[in-house]
Amino acid sequence: MDIPPDQQPLARTIGRRRSRSGQPLSAAGRAAMTDLARYVTRAPKGVFRYDSAAAMEADRLRWTVAAVVARAGR
C-alpha cells in the first residue's frame, strides 16, 4: 500500500495497554494521578463570543487568577 508523502500511516493497537515498566503504580504515583484528575480550570463551560481580544484576555486573566487563589487556599 502506497502512502502519500503528506500523510502519516495508520496504526492499530491490538490488546490491552500496559504501563511502561510493566508494574502497577506505586501509592505515590496513584495519589499523583488522583490529584491531577481533580484539577479544575475554573473557566466556565460554553462558547463565548467577544467584541475584542482585550475583553477575552480580561476574562481569561480573571479565571486564571481565581484558579490560582483557589489552589493556594487549599
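Our structure's up above, just so we're on the same page.
Since the structure is predicted, the reported quantities are computational estimates derived from the model, not experimental observations.

Q: Help me out: how do you make sense of the packing of aromatic side chains in this one?
A: Geometrically, a pair of aromatic rings is defined through the distance of the ring centres and the angle of the planes. All chains considered together, the criterion is met by two aromatic pairs. With a centroid separation of 6.3 Å and an interplanar angle of 25°, the aromatic rings of Phe 48 and Tyr 50 are classed as stacked. Here Phe 48 falls in the partly exposed class, since its relative accessible area comes to 38%. By relative accessible area, which is 29% here, Tyr 50 ends up partly exposed. Ring geometry for Phe 48 against Trp 63: centres 5.4 Å apart, planes inclined by 50°, an arrangement best described as tilted. With Phe 48 in the loop between helix 1 (27-37) and helix 2 (53-72) and Trp 63 in helix 2, this residue pair connects regions lying 15 residues apart in the sequence.

Q: Help me understand helix 2, please; the structure alone is not making it clear to me.
A: Because an α-helix completes one turn every 3.6 residues, residues spaced three or four positions apart along the sequence face the same direction. The end-to-end C-alpha separation of helix 2 is 28 Å, in line with the 28 Å expected for 20 residues at 1.5 Å each. All of the buried residues along helix 2 are Asp 59, Trp 63 and Ala 67. Along the axis of helix 2, the buried positions cluster into a sector of 75°, meaning they face one direction only. Exposed and facing more than 90 degrees away from the buried side of helix 2 are Ala 54, Glu 57, Leu 61, Val 68, Val 69 and Ala 72.

Calculation rules
Sequence order sets the numbering: in each chain, residues are counted from 1 along the sequence as written. Where totals are concerned, whole chains, interfaces and linings use all residues; where local detail is concerned, this predicted model gives features only for residues with pLDDT of at least 70, and gives and counts side-chain atom pairs only at 80 or more. Just so you know, side-chain values use all the structure's heavy atoms and leave hydrogens and water out. Pairing of aromatic rings covers Phe, Tyr and Trp, the last through its six-membered ring, and needs centres within 6.5 Å; plane angles under 30 degrees mean stacked, over 60 mean edge-to-face, and all others mean tilted. Burial classes: relative accessible area under 20% of the type maximum marks a residue as buried, over 50% as exposed, and values in between as partly exposed (1.4 Å probe, protein chains only). Secondary structure elements are taken from DSSP: a helix is a run of H or I of four residues or more, a strand is a run of E of two residues or more, and numbering for both begins at the N terminus. By this rule, a helix spans an expected 1.5 Å times one less than how many residues it contains. Arc definition: directions from the helix axis to the C-beta atoms.

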